[in-house]
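Here are the chains, one letter per residue:
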Amino acid sequence: MAHYQGLIHRYRDRLPVSDSTPIVSLNEGNTPLIELFRLPRQLGFSGRILAKFEGLNPTGSFKDRGMTMAVTKAVEAGSRAIICASTGNTSAAAAAYAARAGIASFVLIPEGKIALGKLAQAMMHGAVVIQIQGNFDDGMRLVQEISAELPIALVNSVNPYRLQGQKTIAFEVIDALGEAPDYHVLPVGNAGNISAHWMGYSEAVCQQTAACGLCKGQCPYHGKPMATRRPVMLGYQAAGSAPFLRGGPVSNPETVATAIRIGNPMSWDLAWAAVKESGGWFDECTDAEILEAQKLLAQTEGVFCEPSSATSLAGLIKDLKRGKIKPGSTIVATLTGHGLKDPDTAIAQSPQPHRVAAERPAISDLIQRHL
Ligand code: AN7
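A quick note: this is a predicted structure, and the numbers were derived from the prediction, not measured. (Residues numbered from 1 in each chain as written. Predicted model: local features only at pLDDT ≥ 70, side-chain atom pairs only at ≥ 80, totals over all residues. Heavy atoms only, no water.)

Student: Mind showing me how you'd approach the side chain of asparagine 89 here?
Tutor: Summarising the element assignment, asparagine 89 is placed in helix 4 (residues 89-101). By relative accessible area, asparagine 89 is classed as buried at 5%. At 2.8 Å, the side chain of asparagine 89 and the side chain of glutamate 306 are in polar contact. Apart from the residues lying within four places of it in its own chain, the contact partners of asparagine 89 are Ser61, Lys63, Lys118, Ala259, Glu306 and Lys341. (Helix = DSSP H or I, 4+ residues; strand = E, 2+ residues; numbered from the N terminus. Buried < 20%, exposed > 50% of the residue type's maximum accessible area, 1.4 Å probe, protein only. Polar contact = N/O pair within 3.5 Å; in protein donor to acceptor, adjacent residues only side chain to side chain. Contact = heavy atoms within 4.5 Å.)

Printed below as a string of structure tokens:
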């Protein structure tokens, strides 16, 4: 098998690149689709639940899929600097891909409200880190204004290349399963990702005409894995930050899942279209439900995702319990970011480590009490 070189190489026939496009990549994508075994049994669910673990991208979140495309196109267009507002993961990815491209990056983050690992990444990759005394939505407005005025490429998901890169997750799921799942569940913040998932699934199905032979082998998709249908899309938000449930922007979003602490999502219409066209819905989860799902996944399946990502599972668990999901169906849950991004939240909700003398009897006593 050829050395995997990232999603633009892999899906270049479905992305807006040409042979002369200078690809900026950290070999992102190709993330594992991990079948969960204990959870479906525990929940009494007869179908399959698979986790698409985006935390295993190079900077630890799905943002790398969009960032490889956005930075590639920015460099192709001659940009020497990029800018974004971020709840953390976008800033980490922007900083890393800018470093890879040898250009400058500027990131606006809400002061005190981004997880430690993400801040470390942005700083370590050499971004100019600008902490604003405001939230993500304030930052988003500012970077739109600033990028209109200065020669800096905006790499938030209002940049269409971001969604182009992110749509490849759907191709990977179809490649792995040989078909689209029945349901695809994911957390929703700025709403770019649910929109990109739907775009990917929609393109994979539209091209079904190729599989039908209408293209007579001329279409670049010919003979590649295709889906015959699209999944039902379920988007889950944190209750304190749920504009899609409230029917409009939320002015002071608040949640422990800081990645999705967003009150005024940019991809509002696209996300609604994804949910409506697919026959899906939005729902909300409390912070307690989110943290419980994060822990459950870590302790029953060995998969450590960040709180925002666990919103996928928290919402799914509720919908399974309410009987809203068809028995026997195949569900894919996107786990958008790695648990290591936010060590503070993980440690705060776990029992403290045992403190014992460095002596064998004390340690074996302790072990025997736990056996
Ligand atoms: C782990 O980094 O918006 O609905 O600025 O980091 O596409 O916004 C992060 C979003 C879910 C929500 N899970 O995705 C940012 C940022 C994680 C995230 C989302 C984010 P969108």
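Student: Explanation requested: the side chain of glutamate 306 in the structure shown.
Tutor: Its location among the elements puts glutamate 306 in the loop between helix 13 (287-301) and helix 14 (307-321). A polar side-chain atom of glutamate 306 sits 2.7 Å from a polar atom in the side chain of lysine 118. Leave out the neighbours within four places in its chain, and glutamate 306 touches Asn89, Lys118, Ala259, Gln294, Gly337, His338, Gly339 and Lys341.

Student: Would you mind showing me how to read the site of the ligand here?
Tutor: Of all residues adjacent to the ligand, which total 24 residues, the nearest are Asn89, Asn190, Ala191, Asn193 and Thr336. Note that an oxygen atom of the ligand is positioned 2.7 Å from one of the side-chain N or O atoms of asparagine 89. In this structure, an oxygen atom belonging to the ligand sits 2.7 Å away from a main-chain N or O atom of asparagine 193. Here the ligand loses 98% of its free accessible area of 470 Å² to cover by the protein chains. Contributions of two or more residues to the shell around the ligand are made by helix 4, helix 9 (192-206) and helix 14. Considered class by class, the residues forming the shell around the ligand number nine nonpolar, 13 polar and two charged. (Near = heavy atom within 4 Å. Areas by Shrake-Rupley, 256 points an atom, 1.4 Å probe, with all protein chains shown as cover. Nonpolar A, V, L, I, M, F, W, Y, C, P; charged D, E, K, R; others polar.)

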